[in-house]
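Observations on chain architecture
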Amino acid sequence: MADWLWLIPGFPLLGALINAGFGQWLGVPMVKRLAALMPLLSSVVILVIWLEHATHPELVDRVWTWMAVGSFVAEIGLRIDAVSLVMVSIAAFAGFLIHLYSQQFLAGDYGERRYYFYLNLFVGGMLVLTMADNLLLLYLGWETVGLCSYALVAHWYRQKKNAWAGRKAFVVTRIGDTTFAIGIFLLFAQYHTLDIHRLLQMISGQPVPSVLLAASVLVLIGALAKSAQFPLHLWLPDSMAGPSTVSALIHAATMVTAGVYLSIRLLPLFAAVPGMLWVIALLGAWTAFFAASCGLAQVDIKRVLAYSTISQLGYMFLAVGIGAPALGLFHLLVHACFKALLFMAAGAVISIYAEDHDIRHMGGLKNQQPLLRWTFLAGISALAAVPLISAGFYSKDAIIDASWLAPHGALLYALALAAALMTAAYAFRLYFLVFEGEPRVGEPYQLGWGMKIPLLILAVASIGIGWLQFPPGWPGPHLWLPWLRAELGPTPEPSGNLALVLETVGAAVTLVGIWLGYLAARWERQGRGLSRIGFLAHAWYVDAVALRFLPPVVYGGARFLRLGVEHLLFRSGILGGIREGLQWGGVGLVWGENGLVSRYVAFMGFGLLLLLLLLWGGL
Amino acid sequence: MPTLMHHWTFAIPEIWVLVMACAVLLVDLFWGHRSPHLAPVLSVVTILGAMLLTTAQWGLSGSSFAGQLLLDPFTIVAELSVELLSLLVLLYSPRYLRERGLYRGEVFVLLLFALLGSMIMISGGNLLTLYLGLELLALSQYALVALQRDNPRAVEAALKYFILGALASGLLLYGMSLLYGLTGSLDIAQIAQGLVNVGADNFVLTMALVFVVAGIAFKLGAAPFHMWIPDAYQGAPTVMTLFMATAPKVAAFALVIRILAQGNAGAVEIWQQIFVALAIASLLIGNVVAIAQSNLKRMLAYSTVSNVGFLSLGIVAGNANGLASAFYYVLVYALMAAAGFGMILLLSREGFEAENIADFAGLAQRRPWYALLMLIIMFSMAGVPPTVGFTAKLAVFQALVQAGYVPLAVFAILMAVVGAFYYLRVVKVMYFDPVPENAPQLARDGLASAVLSVNSVALLLLGILPGALLATCFHALQGVL
């Protein structure tokens, strides 16, 4: 037992509470500092856990039994194991760095207090989600995160399109939230418990195929929507409407990783349904491929990164699907580092170019902002998985290589490898366009220490964190997979000559991709770039098709429900009858209660008589 | 045999209140015109002292004065709650009474006597004692309703209440006399023993119980014996409505425990059936008629009827579990009613009663905090989680379903939905309707608004943390039935 685990989500939630209650009196400068302090305090608590329990983390804190009705017990129970320890570390520490970066980045914005309230709540919700030991609490965190993402994406709500983007993010993820909730209901109806550990034990002990199939599909849709996987990825590119720091938070530390985390946590549920894991793997590989191809043709700096997020999350689902969740978690960690870095750096770039997102209008920033350039390059290298020196190489290529071993592995491998090629290409296309080439001078922008420190820390992490786990057979540290083996089981890894071949192919593909990226940047400057390929630039027209065909169907259905079911059936038919009945009944009864004592007495006597008759009749 | 000292210690809260009520009467007579605050302050001291003395009895149990007064966990919990509710009334009332020229000693003396009556109804172990307490409470209430002698409405309400109350007392007495005839005793415990030989299918016993229950139902306000409630609630000064809706309901519930659960445990099937009929009638009439009300006090009066219907469901369950949940429900309801009428009282001013629902229009813009409190109160009455109203309904329904009355539970839940309509309408009016142009200025009342805040927030907190109070209620009624 560890009775202080609640401190971890407690601090950010307290920060949000203080901000909401007393922020007006504290003033913005105080609110800002306090908001940044909270995730730092959570990180300190997490650091203590790392120091004390790093080898075999297994901590439980039953904070409070909210209600117990019959066999249903709703507990606020927190649990730390290896997987959730990684997750909370990311959420709290990356969250802290983003808070720190925001201090200067958003100074003087019109909604600063509101911003920090949601930022704190966001981190708190994510920590609750990851630490929850039952599905109910997990869902609470899940919804909190969804709400905060809506509010933060629409942060600059005075522009209508930003408000719409927030709404889109909310509505699309809501589809998943709803199915996830139904999935939880199904599981509870079958197994009468929401405790994740007991639930998974019971699932493996007494599987009910039909229920498990339905529940796993529903839960999976929830995870896919949250993690922006095809075809529910629609909300994520639009979520770029929020401030860049928000994108960093949503895409790196919180929110989108929730879906991956859920699928890792509930892996036994998916594994209990034959073929389910393979579907997840295929969806992941396909999403990685699809989003990478879209990334090639984007001209908005943040949209490139947005598609890269979708693509990288695809790799994580691929890892989960091929039975290597430990690798998925590894890539999640690496991705959190470099994606937070890239978004924050992109935010600075956008500020330099006076809120212009178009990378074709940028160039040669390397001399003007050397620190920004080097840190950005570190992040890009990790995204492109530059061999040997970047963390992405150790996490992403491990997934690609392992996918070869899965059933029908060739297909998964081909998709993943093609995605890797395109990833390297669009990543370096972005880098070359923004930082190399002839200089286009933007506004002078001085990075303060509050911005430099997070960038430097994340840059070091983007390079170095991959060295936790070298490829199989290589000399060097192999820490990650053994550490997680007890919890997530053995990870399939190619060995011998096969491994060597796969690794060489992967590295070669990346290098070719970088070369293509260089070319793509040159073409773009010459005005004949990939962005002219409308099919890719518009993301295969999925969004357009969805917006063309879905709304009429949905609105048509809604209209039918409103006019046909609601008005005709419910309001006029059922409710109308009830309401009219109640109204007339009410009038009639009121007539009886007209204030005449004699009538009251008669009524009482009548009631008494009725009671007597009832009783005698009943005996 | 308990010694004389025992008798005194067992009855000490009642004796304290009696002595102090007489003292307040005398003190007010001689010094009242010079210092008007003397009587209310002394009354508060009296109630605080009574609460202290009651608490000191915790853990004791037994009977005193030859079974006239009983002391058991139920006595202590119920007496504490009526004392607390009376204290709430006193704390809510000063400004309201002053503005209407009612800030006089006799009001407080009458309140103290009403409290004493409630306490005797709770602790009485003999039909005669119980009836004595009931009449003491009722007579004080008649006078309290008629406090504004120059207000014809109040006088009319008091007169109606008096006539119907006398009739109900007659019914109760008739039932009691039949019980005495059957068993030859007025003592609760001896009646219970005597009934062992009578048998549940006895014709006279059925009749006795119908009359007794009719009398209790009148005090509770269960349909069809509820007719006095809307008139009395509307006509009485709001402070008195606040009192009538709270402590006497707990006292009336105590009669259920004493006379029915303890005295007629053997005839449980009979009074269960009676309460089924009462519950159905109360739920139906209370909820349906409340929809048609535009006067908030009348609406809350019908809501009382419907709430009595809900608490009857716990009695219908007919076991210790159900009675405990009904007890919990009545305590929760008293707290909710105190807050609801407290809000009307707070918004009323000299010459103006904020008793129409329309008076609450746009309250959220004028006083957001009050609107939020009223929202909590209305949500709690409607039974929306996480307020305590939800937990109370849940407890009652649970007991009912466990006892096998599923169709009745379904009916009650449907009626709860109907009820939600008129509670939520108040919320809608507060938050979505515009402020009327000639809206009167709102008064400042620090004491009452502080008490109301505590009272309403308690509704929320008790709903989030229902365990302690629920456990106390179950403890209090352990072993009954």
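Residues numbered from 1 in each chain as written. Chains lettered and ligands numbered in written order. Predicted model: local features only at pLDDT ≥ 70, side-chain atom pairs only at ≥ 80, totals over all residues. Heavy atoms only, no water.

Looking only at helices and strands, chain A features 25 helices and two strands. Taking 2.2 N^0.38 as the reference for a compact globule, 619 residues should give roughly 25 Å; the C-alpha atoms of chain A span a radius of gyration of 28 Å, in line with that estimate. Structurally, chain A occupies a C-alpha span of about 100 × 55 × 50 Å along its principal axes. Taken over 619 residues, chain A has a buried fraction of 57%. Across chain A, the fraction of contacts at a sequence separation of at least 24, relative to all contacts at a separation of at least 6, is 79%. (Helix = DSSP H or I, 4+ residues; strand = E, 2+ residues; numbered from the N terminus. Rg over C-alpha atoms; globule rule 2.2 N^0.38 Å. Buried < 20%, exposed > 50% of the residue type's maximum accessible area, 1.4 Å probe, protein only. Contact = heavy atoms within 4.5 Å.)

Residue and element names in this part refer to chain B. Here Asn 202 is to be found in the loop between helix H9 (188–194) and helix H10 (203–220). Counting along the chain gives 20 residues from Asn 202 to Leu 182, while the straight-line C-alpha distance between them is 9.8 Å. A distance of 2.7 Å separates the side chain of Asn 202 from the backbone nitrogen of Val 204, its partner in a polar contact. One polar contact links the side chain of Asn 202 to the main-chain amide nitrogen of Leu 205, over a distance of 3.1 Å. (Polar contact = N/O pair within 3.5 Å; in protein donor to acceptor, adjacent residues only side chain to side chain.)

With that settled, consider the pattern of salt bridges. It is possible for side chains bearing opposite charge to pair when their charged atoms get close. This model, assessed by the stated rule, comprises 25 salt bridges over all chains. The partner of Asp81(A) in a salt bridge is Arg265(A), with the nearest N and O atoms 2.6 Å apart. Of the two residues, Asp81(A) is situated in strand S2 (residues 72–81) and Arg265(A) in helix H11 (residues 256–265); the sequence distance between them amounts to 184 residues. With respect to burial, Asp81(A) and Arg265(A) carry one shared label: buried. Through salt bridges that share partners, Arg95(B), Glu99(B), Arg100(B), Glu353(B) and Asp445(B) make up one connected network. (Salt bridge = Lys/Arg side-chain N within 4 Å of Asp/Glu carboxyl O.)

Residue and element names in this part refer to chain A. Running from N to C, helix H17 (residues 370–384) and helix H19 (residues 409–435) cross one another at 165 degrees; their axes reach a closest spacing of 8 Å. Classified by the interaxial angle, the pair formed by H17 and H19 is roughly antiparallel. Helix-helix and strand crossings are classified by hand; for H17 and H19 the assignment is left-handed. Residues Leu 372, Arg 373, Phe 376, Leu 377, Ile 380, Ser 381, Leu 383 and Ala 384 of H17 lie in contact with H19, whose contacting residues are Thr 423, Ala 424, Tyr 426, Ala 427, Phe 428, Leu 430, Tyr 431 and Phe 435. Considering only residue class, the contact of H17 with H19 consists of 13 nonpolar, two polar and one charged. (Axes fitted to C-alpha atoms, helices over the stretch in contact; angles between N-to-C directions. Parallel < 35°, antiparallel > 145°, perpendicular 65-115°, else oblique. Left-handed = near helix turned anticlockwise from the far one by under 90°. Nonpolar A, V, L, I, M, F, W, Y, C, P; charged D, E, K, R; others polar.)

Once that is clear, we can look at unusual backbone geometry. Cis geometry is found at the peptide bond from Phe230(A) to Pro231(A), where omega equals 0 degrees. Note that Pro231(A) resides in the loop between helix H8 (209–226) and helix H9 (235–238). Note that the residue after Ala223(B), namely Pro224(B), is joined by a cis bond; omega there is 5 degrees. With respect to the helices and strands, the residue Pro224(B) is situated in the loop between H10 and helix H11 (228–235). One non-glycine residue, Ala385(A), lies in the positive phi region at around 60 degrees. Examined against the element boundaries, Ala385(A) turns out to sit in the loop between H17 and helix H18 (391–403). Look at Ala385(A) and you get buried, because its relative accessible area is 0%. Despite not being glycine, Tyr541(A) has its phi angle at roughly 60 degrees, a positive value.

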